[in-house]
Amino acid sequence: MFILGLLASLPFAGWVWWLNGQVVSRFEGQKWQVPSEVYSAPIALVSGAPWKKQDLEKVLEDAGYRFGRNSQKVGWAARSQTKVSAHLRSYVDHLGFHKSERRIFSFENGRLGIESLNGDAIAEAKVEPQRIGYLYGGNTESRQILTYEDIPQPLMDVLVAVEDQDFYQHWGISLTGIARAVVVNFTQGSRRQGGSTLTQQLVKNMYLSSERTYTRKLTEVVMSVLLEYHYSKQAIITAYINEVYLAQLGNSALHGFAAASQHFFGRPVDELNIDEFALLVGMVKGPSLYNPERSPNRAKDRRNVVLGVLKNQGRLSEADYNRLIKQPIRLANKKKQRSIYGDYLDLVAMQLSRDFDETTLATKNLRIYTGVDIRAQQAASVAMQRQVALLEKRDRKLSGLQGAMVVTDRSSGEVRAVVGSSGDYYTGFNRALGAVRPIGSLVKPPLYLSALATGRYTWWTQIEDKRLRFNVGGQTWEPENYDRRTHGVVHLYEAMAKSYNLATVSLASQIGFDRVGDTLRQLGVKRPFTMLPAVALGAIELSPFEVSRLYQPIASQGKSSELGVVLAVMDQEDRLLKRFNHNKGVPFTDALLAVTLDGMTKTPKIGTARAAQAAFPGLNFAAKTGTTNQQKDSWYIGITGDYSTTIWLGDDDNVPLSITGSSGAQKVWIDFTQAVPQRSLPSTLPKGAVRHDVLDESFEIAAERCEGKTTLTFIQGTQPKDSRSCFWGF
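Structural notes, computed from the coordinates.

Rules used in this analysis
Residues numbered from 1 in each chain as written. Predicted model: local features only at pLDDT ≥ 70, side-chain atom pairs only at ≥ 80, totals over all residues. Heavy atoms only, no water. Helix = DSSP H or I, 4+ residues; strand = E, 2+ residues; numbered from the N terminus. Contact = heavy atoms within 4.5 Å. Areas by Shrake-Rupley, 256 points an atom, 1.4 Å probe, with all protein chains shown as cover. Lys, Arg positive; Asp, Glu negative; His and termini not counted. Charge placed at Lys NZ, Arg CZ, Asp CG, Glu CD. Buried < 20%, exposed > 50% of the residue type's maximum accessible area, 1.4 Å probe, protein only. Core = buried A, V, L, I, M, F, W, Y, C linked by side-chain atoms within 4.5 Å. Salt bridge = Lys/Arg side-chain N within 4 Å of Asp/Glu carboxyl O. Polar contact = N/O pair within 3.5 Å; in protein donor to acceptor, adjacent residues only side chain to side chain. Pairing = 2+ DSSP bridges. Axes fitted to C-alpha atoms, helices over the stretch in contact; angles between N-to-C directions. Phe/Tyr/Trp six-rings, centres within 6.5 Å; stacked < 30°, edge-to-face > 60°.

## Overview of the overall build of the protein
Looking only at helices and strands, the protein features 25 helices and 32 strands. Across its three principal directions, the C-alpha atoms of the protein cover 125 × 60 × 50 Å. In the protein, the share of contacts with a sequence separation of at least 24, taken over all contacts with a separation of at least 6, comes to 67%. Total accessible area on the protein is roughly 33000 Å²; 50% of this is exposed by carbon and sulfur atoms. Here the protein carries 86 positive and 72 negative side-chain charges, and the mean point of each set is 3 Å from the other.

## Section: the side chain of S543
Inspection of the secondary structure assignment puts S543 in the loop between β23 (541–542) and α21 (544–555). On the basis of relative accessible area, S543 is assigned to the buried category, the value being 2%. In this structure S543 touches A432, L433, A435, V436 and W635, once residues within four positions along its chain are discounted.

## What about the nonpolar core?
By size, the foremost hydrophobic cluster in this structure holds 110 residues, and its most contacted members are L45, F105 and L352. A161, L202, L254 and F277 belong to the second largest nonpolar core, which has 53 residues in total.

## Details of the side chain of K444
One can find K444 in helix α17 (residues 444–453). Here K444 sits buried without a salt bridge, and the closest side chain of opposite charge, D465, lies 8.3 Å off (N-O distance). Side chain to side chain, K444 and S499 meet in a polar contact 2.9 Å long. Residues contacting K444, with those up to four places away along its chain left out, are M496, S499, Y500, N501, T504, L537 and K624.

## Some remarks on the environment of A689
Note that A689 resides in strand β29 (residues 689–695). When its relative accessible area of 10% is taken as the criterion, A689 is described as buried. It is 41 Å that separates the C-alpha atoms of A689 and V92, two residues lying 597 residues apart in sequence.

## With respect to the pairing of strand β8 (residues 101–106)
Bridge count for strand β5 (residues 83–88) against β8 is 6 bridges, and the pairing is antiparallel. Residue pairing in the sheet places L88 in a bridge with E101 of β8. Two strands pair when backbone bridges link them, and β8 and strand β9 (residues 113–115) are joined in this way by 3 bridges, in the antiparallel orientation. Bridged to F105 within β9 is I114. Hairpin connection between β8 and β9: a loop of 6 residues separates the two successive antiparallel strands, and N109 in this loop has a positive phi of roughly 55°.

## Comments concerning the sheet that holds strand β11 (residues 131–135)
The strands that make up a sheet pair up through hydrogen bonds in the backbone, lying either parallel or antiparallel. Read from one edge to the other, the open sheet built from 5 strands follows the order β11-β1-β15-β24-β25, with strand pairing classed as mixed. The two strands at the open ends of the sheet, each matched to only one other strand, are β11 and β25 (576–579). Across this sheet, the average inter-strand angle for adjacent strands is 20°, counted without regard to direction. As paired strands, strand β1 (residues 36–39) and β11 are joined by 4 bridges and run antiparallel to one another. Directly across from V38, in β11, lies its bridge partner G133. Helix-sheet contacts for helix α13 (residues 342–352) involve β1, β11, β15 (367–370) and β24 (566–570), and the interaxial angle to β11 is about 50°.

## Section: helix α19 (residues 501–511)
Within α19, 9 of the 11 residues are buried, which leaves it mostly tucked inside the rest of the structure. All of the buried residues in α19 are N501, L502, A503, T504, V505, S506, L507, A508 and I511. Looking at the residues trailing α19, positive phi occurs at G512, about 105°.

## Concerning the packing of aromatic side chains
Overall, the coordinates contain 11 aromatic pairs when judged by the stated rule. Each ring, one from Y39 and one from Y369, has its centre 5.5 Å from the other, and the planes form 25°; the classification is stacked. One end of the pair, Y39, is in strand β1; the other, Y369, is in strand β15, and 330 residues separate them in sequence. Accessibility classification places Y39 together with Y369 in one group, the buried group. Look at F470 and F513: their rings are 5.8 Å apart centre to centre, the planes differ by 75°, and that puts the pair in the edge-to-face class. Taken as a pair, F470 in strand β20 (residues 470–472) and F513 in helix α20 (residues 513–522) lie far apart in primary sequence, 43 residues in all. The burial state of F470 is the same as that of F513; both residues are buried.

As structure tokens, this is what we get:
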């Protein structure tokens, strides 16, 4: 009988041995396949920068900071009539660990002031990077992984109190719970209760299906005992808190309390209150039934049941219980969480595809740090939507007007914002990358750079704006000015600022069309093109992103030439996997680029961007408008001390429009710059460039008392050799 019993037990032992292997391999290997998380740049708060009090309050609110009477706790802020204080969160990124800081912000004369608690002036503070989305997460799980040390103690206390009071005493299963379930199921005539411990729930979620059979229940019991045998209570409860299913969000399943905290409350889990912990723990019993977004009243009742359990166990006083059950459920504003980053994520995926395979990005839960500026991205999206809607309202023929926008850091070239559509939501067609259209007069600043680079021309040099004819492939090409008029002899800075086509083509023919083509390629145009005379007036097709890259060397005065999207990739253990350093070299001197940029500041002052200067009379910035043949495309470039911004408006069907660069795209830039106040271009020039007041009628440096003069910038050695004092004889 003993031998027969031993033989009979061998299949069972083999089954247990197989289950043991399953338990260990899954628990010690990669437990979850989680898509990579994409983060914004930290929001830099720089002393002296233009900020409004309400704008900083909105930034903090969007980042999940709670406003109260004081800012003593991390993640809290307070406000008075003139100031804002905030206890900024610590964070880790590719630049290292950044500790939490408590700072006081003032806004005198529209400029940000930063102080420590003891009144010391602070140069800069940063709001931590925000998660802007996931990569390749279409049908995967939304989850944030916590270590045991990251889990707030109140969360563990509430979870154990409600779901498994004997968690720290049992060895995987609760015999009393199983007995109770058996009695209930027997009396009810069906399987209505499971008697599961936290360990059993974890086994069911990680290893088993949701079918209700006695065989599956026996498997669950055995695997729970094995799990408890191999691993500590800390490891098991950590896995549970990361694994538990709490909601379905479209194609993505929401797992874990950390992800649920961010989704429902917009804050890290360690900043929740006891009633918010109770709400999330209460959802474990029925994630769909007690979802506060769908059934707020039912969710509140369930939360109060959990609070009652805590009170009955002595974990909550009568007074606190009575206070907390009256608290309303305050969920995060989902309108603020609407994804406006889809177009930017296109760029992220495109860049990473060269270094990481799709499976890695979809499953390894990497942390991807980008240069996106949340404030700029929000403002760019709103400006595009609002101005396109206004243009359509004014002219019904503009119905269906589309747009794209690329905002870069003027100095570093990091891409701060991308808008690929004029619609409210991400459409899937990113026009910032895909709308390849003629760039019109945006080609002119690079062309004038070509002339300045020869050393034979300066901004003061005069050229005749007259009609010309060119033989192109046996056909005659006769360009025209936009106003169909000629303007006689003009200075180069006037010709560019007022976008005179005839003067520009005349200049291109003097320096050589091939030289202009070479300059475009040297500035970053990688798309093949044939350098015909018409290219000198913008008959070259580029996307808004390519135009932005073309202008980056000029905007940065040689500090950067490529555009940076992804800055670094890290894993969940804070290990740096890859840092991206984009090329900063350009084949032109900083002086030449600075002189070109300074010449572009004439466009707002006397040229086609005067409306933008009128909107910001105290701002010194560079600009260029662009309009293509038959007004099919409206372009605008605006360069301030902070950003270089490229804007395109047009119709997907490439039909003529009733707007120009000035009356269309420029309006979007004005709206954007009003929402995100920016600093003037720096007045200092790099070595090799000089600035002088020059007489309009003669190539002489003008004294301060002189009239009829213009401030111009020159490459050292090309400035006037003579000067005039303008004294009157007596």
